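Residue strings, one per chain:
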Amino acid sequence: MPEPVDESPQPPVPHSHAATLKRLEQSSGSLAAQAIARMDETLPWYRAMPPENRSWIGLVAQAGIAAFTEWFRHPDAPQAISTDVFGTAPRELTRAITLRQTVEMVRTTIEVMESAIDEVAAPGDEGILREALLVYAREIAFATAQVYAQAAEARGAWDARLESLVVNAVLSGEADEGAVSRAAALGWNSPEHVCVVLGTAPDGDSELTVEAIRRASRHAKLQVLTGVLGDRLVVIAGGSDNPLAVAKALIGPYAAGPVVAGPVVPDLLAATRSAQAAAAGLKACSAWQDAPRPVLADDLLPERAIAGDPAAREQLVEEIYRPLEEAGSALLETLSVYLEQASSLEGAARMLFVHPNTVRYRLRRVTDVTGWSPSDVRSAFTLRIALILGRLVDGDPQS
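Residues numbered from 1 in each chain as written. Predicted model: local features only at pLDDT ≥ 70, side-chain atom pairs only at ≥ 80, totals over all residues. Heavy atoms only, no water.

Asks: Would you take a moment to explain the overall build of the protein chain for this structure?
Replies: Scanning the protein chain from terminus to terminus reveals 18 helices and 5 strands. Per-residue burial over the protein chain gives 43% buried out of 399 residues. If you take every contact in the protein chain between residues at least 6 apart in sequence, the share linking residues at least 24 apart comes to 68%. Looking at the protein chain as shown, the accessible area adds up to about 21,500 Å², and 53% of this sits on carbon and sulfur atoms. (Helix = DSSP H or I, 4+ residues; strand = E, 2+ residues; numbered from the N terminus. Buried < 20%, exposed > 50% of the residue type's maximum accessible area, 1.4 Å probe, protein only. Contact = heavy atoms within 4.5 Å. Areas by Shrake-Rupley, 256 points an atom, 1.4 Å probe, with all protein chains shown as cover.)

Structure below.
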């Protein structure tokens with residue numbers, strides 16, 4: 001027959017360093033107080049914090065010492081140190097104090113505990129306690145890094161969602177004060193000059209593309225809100241009144257193909273106009289095979305107008321045709337004849353019954369009034385489209 005099994009309760013196995021453990025338990029309160037006093041004495045940022053945050057930091061220090069006591073009691077048991085120590089404080093504390101400040105707080109607490117080893121440890125246990133504290137300090141360092149990494153990942157994911165909402169609102173024409181508030185939460189400080197740059201997004205990880213845009217913007221001293229929407233890489237850039245220079249500074253991460261910069265607008269709310277111009281330019285850019293890269297949306301006005309962009313049509317009429325009309329019929333007539341005569345001064349002069357110098361003078365006036373030179377092939381094309389659209393508007397009884 002098998003012998004009966006003794007099921008009576010067994011006495012607990014005594015801790016191999018019971019005396020040191022007992023002293024450590026008795027000293028935990030005073031060690032926490034010393035750590036807080038040392039922080040108050042040596043860390044200016046701690047003294048400047050609100051009482052509530054100082055109280056939370058005190059609880060973290062106490063929890064750290066208590067966790068070390070428990071860890072010393074069961075050194076071989078798995079310990080969730082980050083939960084034991086940092087779980088006592090609210091998540092908002094990771095935003096109230098920086099990683100550097102947290103490291104200083106942990107270092108101060110560890111130094112206080114290390115300086116008390118000779119008093120706390122039982123005779124002969126000083127080395128054991130010091131070694132245990134060193135191992136625990138390493139674990140605390142990893143736990144600190146983990147807490148802040150998790151907070152940074154969560155904050156980064158949230159920021160990415162916010163940024164995507166802002167970029168989509170601007171691109172879709174739905175930007176409002178809510179979008180401005182979200183942008184402010186992302187660090188956008190309302191620069192005076194804003195433009196939108198559009199192009200094709202590269203294949204691969206969109207987060208890498210966004211980070212590349214951020215690096216380029218930092219180098220160019222620009223503020224940016226950016227995102228990949230479908231196959232398009234959208235950048236809202238602030239801080240420069242030169243949209244072409246902005247596009248050149250940020251063009252690196254874009255995939256092959258056209259990159260179009262919208263006009264400069266005063267603020268984020270008006271950025272929808274820049275985005276719509278850039279989007280229309282990107283759509284019409286294929287019609288200008290020799291277009292530079294990057295190209296301004298305003299340089300694509302004729303292609304945009306032909307493609308059906310009402311804003312481009314209105315801009316051509318209001319910025320070219322109307323000023324010429326107001327400057328006198330002679331300019332409109334001279335420009336029209338000059339273009340019809342294949343940009344020939346002599347041919348235009350014969351048709352107008354004037355001296356070629358008169359035609360030359362009037363064409364210079366056209367350039368002064370519109371900013372477009374009739375002698376340049378590209379500008380002549382833009383002027384011709386503007387004249388056609390202006391005549392269509394004037395000839396439409398419903399206009």
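More follows now that the structure is in view.
Asks: Would you mind going over the confidence of the model for the protein chain with me for this structure?
Replies: Segments scoring low in pLDDT should not have their predicted coordinates read at a detailed level. Of all residues in the protein chain, 86% have pLDDT values of 70 or greater, and the mean over the chain is 84. Across the protein chain, element-level confidence peaks in strand β4 (residues 259-261) with a mean pLDDT of 97 and bottoms out in helix α4 (residues 81-86) with 49. Every residue in residues 8-14 is under pLDDT 50, and counting partners more than four places away or in other chains gives 0 contacts. (pLDDT = per-residue confidence, 0-100.)

Asks: What is the right way to look at the sheet that holds β4 in this model?
Replies: Two strands in a sheet stick together by hydrogen bonds in their backbones, pointing the same way (parallel) or opposite ways (antiparallel). Pairing is mixed across the open sheet formed by 5 strands, whose spatial order is β2-β3-β1-β4-β5. On the outer flanks of this sheet lie β2 (223-229) and β5 (295-296), each paired with one strand and no other. Pairing of β4 with β5, which is carried by 2 bridges, proceeds in the parallel orientation. Note on β5: the bridge partner recorded for V260 is V295. Those strands touched by helix α10 (residues 206-220) are β2 and β3 (232-238), and its axis lies near 160 degrees from that of β2. Sheet strands in contact with helix α12 (residues 271-284) are β1 (194-200), β3 and β4, and its direction is about 30 degrees off that of β1. (Pairing = 2+ DSSP bridges. Axes fitted to C-alpha atoms, helices over the stretch in contact; angles between N-to-C directions.)

Asks: Would you explain unusual backbone geometry in this entry?
Replies: What is expected of a backbone is that most residues other than glycine have negative phi and most peptide bonds are trans. That bond from R293 to P294 is cis: its omega, 0 degrees, falls within 30 degrees of zero. Phi is positive for S190, close to 55 degrees, though the residue is something other than glycine. Tracing the backbone shows S190 in the loop between α9 (177-185) and β1. Judged by its relative accessible area of 53%, S190 is exposed.

Asks: Is there a simple way to think about the packing of helix α15 (residues 329-340) against helix α18 (residues 377-395) in this case?
Replies: Packed helices, taken two at a time, are described by their axes: the angle between them and the distance between them. Put simply, α15 and α18 touch, their axes get as near as 11 Å, and they point 120 degrees apart. Comparing their axes, α18 and α15 come out oblique. Along this stretch, α15 crosses α18, giving a crossing that reads as left-handed. Contacts from L332, L335, S336, L339 and E340 of α15 reach α18 at A380, L383, R384, L387 and R391. When its residues are assigned to classes, the contact of α15 with α18 shows 6 nonpolar, 1 polar and 3 charged. (Parallel < 35°, antiparallel > 145°, perpendicular 65-115°, else oblique. Left-handed = near helix turned anticlockwise from the far one by under 90°. Nonpolar A, V, L, I, M, F, W, Y, C, P; charged D, E, K, R; others polar.)

Asks: I tried to follow a negative patch on the surface on my own but got confused; where do I start?
Replies: Taken together, the side chains of E174, D176, E177 and D267 present a region of like negative charge at the surface. Structurally, the position occupied by E177 is in helix α9. (Patch = residues over 30% accessible without salt bridge, like charges linked within 9 Å, V, L, I, M, F, W, Y side chains within 5 Å. Salt bridge = Lys/Arg side-chain N within 4 Å of Asp/Glu carboxyl O. Lys, Arg positive; Asp, Glu negative; His and termini not counted. Charge placed at Lys NZ, Arg CZ, Asp CG, Glu CD.)

Asks: Can you help me understand the pattern of salt bridges in this one?
Replies: Opposite charge on two side chains permits them to pair, given that their charged atoms come into close proximity. Under the criterion given, the structure shown has 10 salt bridges. Notably, a salt bridge pairs R73 with E25, separated by 2.3 Å at the nearest N-O pair. Separated by 48 residues along the polypeptide, R73 in helix α3 (residues 51-73) and E25 in helix α1 (residues 18-42) bring together distant segments of the chain. Look at R73 and you get partly exposed, because its relative accessible area is 28%. Its relative accessible area of 34% is what places E25 among the partly exposed residues. Put simply, R378 and E303 hold a salt bridge, and the shortest N to O gap is 2.6 Å. Of this pair, R378 sits in helix α18 while E303 sits in helix α13 (residues 301-306), and the two are 75 residues apart along the sequence. Of the two residues, R378 and E303, both sit in the buried class. Through salt bridges with shared partners, a single network forms among E25, E70 and R73.

Asks: It is not clear to me how the nonpolar core should be interpreted in this structure. Could you clarify?
Replies: The nonpolar side chains of a soluble globular protein tend to be buried with one another. In terms of nonpolar packing, the biggest core is built from 33 residues, with M39, W45, I57, F68, M105 and L129 touching the most fellow members. Mapped onto this core, the elements with two or more residues apiece are α1, α2 (44-47), α3, α6 (99-115), α7 (117-120) and α8 (126-172). Looking at this core element by element, the count peaks at 8 residues for α3. Contact partners of I57, with chain neighbours within four places excluded, come to I36, M39, W45, Y46, M49, I97 and M105. Judged by nonpolar contacts, the second largest core, of 28 residues, contains A312, I320, L324 and L387. (Core = buried A, V, L, I, M, F, W, Y, C linked by side-chain atoms within 4.5 Å.)

Asks: I keep staring at the environment of L198 and nothing clicks. Help me out?
Replies: Inspection of the secondary structure assignment puts L198 in strand β1. Judged by its relative accessible area of 0%, L198 falls in the buried class. Taking C-alpha positions, L198 is 10.0 Å from A297, a pair spaced 99 residues apart along the chain.

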